[in-house]
Amino acid sequence: DIAPPVNLERAVSPEEVLKRTEVNLEPCECPVCYSDLDVGAGVRLRACGHVACVQCLAHYCTAVVSDFRHDITCFEPSCSQPVADADIRALLGV
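Residues numbered from 1 in each chain as written. Predicted model: local features only at pLDDT ≥ 70, side-chain atom pairs only at ≥ 80, totals over all residues. Heavy atoms only, no water.

K.L.:
Honestly, the nonpolar core in this entry has me stumped. Any pointers?
P.N.:
Soluble globular proteins tend to bury their nonpolar side chains together. Ranked by internal contacts, the top residues of the largest apolar core, which has 23 residues, are Leu57 and Leu91. Mapped onto this core, the elements with two or more residues apiece are β5 (51-53), α2 (54-66) and α3 (85-92). Excluding residues that lie within four positions of it along the chain, Leu57 makes contacts with Val43, Leu45, Ala52, Phe75 and Leu91. (Core = buried A, V, L, I, M, F, W, Y, C linked by side-chain atoms within 4.5 Å. Buried < 20%, exposed > 50% of the residue type's maximum accessible area, 1.4 Å probe, protein only. Helix = DSSP H or I, 4+ residues; strand = E, 2+ residues; numbered from the N terminus. Contact = heavy atoms within 4.5 Å.)

What follows is the structure, given as structure tokens:
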């Protein structure tokens, strides 16, 4: 099975992503851009529970895929958990 190519230029709305992912259950701050995230406004990674805003996670996943890497792990430097396929698909709009 060969996966279809990912359109990295396609903009996915934050609302669309949040419908397809787990979200933060408490207010927090995005550790990447330091934006305040209200309840339900951040993506909570399924494997490790780390939270970031949609834009930062989408940019991160796009950058990793653009580098032809297959090992998309959590954005937190101290965490090596793989990002769930469902989260990647939601963030990249596939």
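K.L.:
Just to check I follow, could you spell out the pattern of salt bridges for this structure?
P.N.:
Any two side chains of opposite charge can pair, so long as their charged atoms come close to each other. Counted by the stated rule, this structure contains 2 salt bridges. Arg44 is the salt-bridge partner of Glu22, the closest N and O atoms lying 2.6 Å from each other. Note that Glu22 is positioned in strand β1 (residues 22-23) and Arg44 in strand β4 (residues 42-44), a separation of 22 residues in sequence. With a closest N to O distance of 2.6 Å, Asp87 and Arg46 form a salt bridge. (Salt bridge = Lys/Arg side-chain N within 4 Å of Asp/Glu carboxyl O.)

K.L.:
Can you help me understand α2 in this one?
P.N.:
Because an α-helix completes one turn every 3.6 residues, residues spaced three or four positions apart along the sequence face the same direction. Taking 1.5 Å of rise per residue, the 13 residues of α2 would be expected to cover 18 Å, and the 18 Å separating its terminal C-alpha atoms lies within 8% of that figure. Buried residues of α2: Val54, Cys56, Leu57, Ala58, Cys61 and Val64, and no others. In this structure, the buried side of α2 is in contact with α1 (14-20), β4, β5 and α3. Phi turns positive one or two residues past the end of α2, at Phe68, with a value near 60°. (Expected span 1.5 Å × (residues − 1).)

K.L.:
What exactly am I supposed to notice about the side chain of Thr21 here?
P.N.:
Tracing the sequence through the fold places Thr21 in the loop between α1 and β1. Setting aside residues up to four positions removed in sequence, Thr21 forms contacts with Val43, Arg46, Asp87 and Ala90.

K.L.:
Would you explain the packing of α2 against α3 in this entry?
P.N.:
For any two helices packed against each other, the geometry is given by the interaxial angle and the distance between the axes. As a packed pair, α2 and α3 sit with axes 9 Å apart at the nearest point and diverge in direction by 100°. Looking at the two axes, α2 sits roughly perpendicular to α3. Together, Val54, Leu57, Ala58, Cys61, Thr62 and Val65 of α2 and Ile88, Leu91 and Leu92 of α3 make up the contact between the two elements. For the contact of α2 with α3, the per-class residue count stands at 8 nonpolar, 1 polar and no charged. (Axes fitted to C-alpha atoms, helices over the stretch in contact; angles between N-to-C directions. Parallel < 35°, antiparallel > 145°, perpendicular 65-115°, else oblique. Nonpolar A, V, L, I, M, F, W, Y, C, P; charged D, E, K, R; others polar.)

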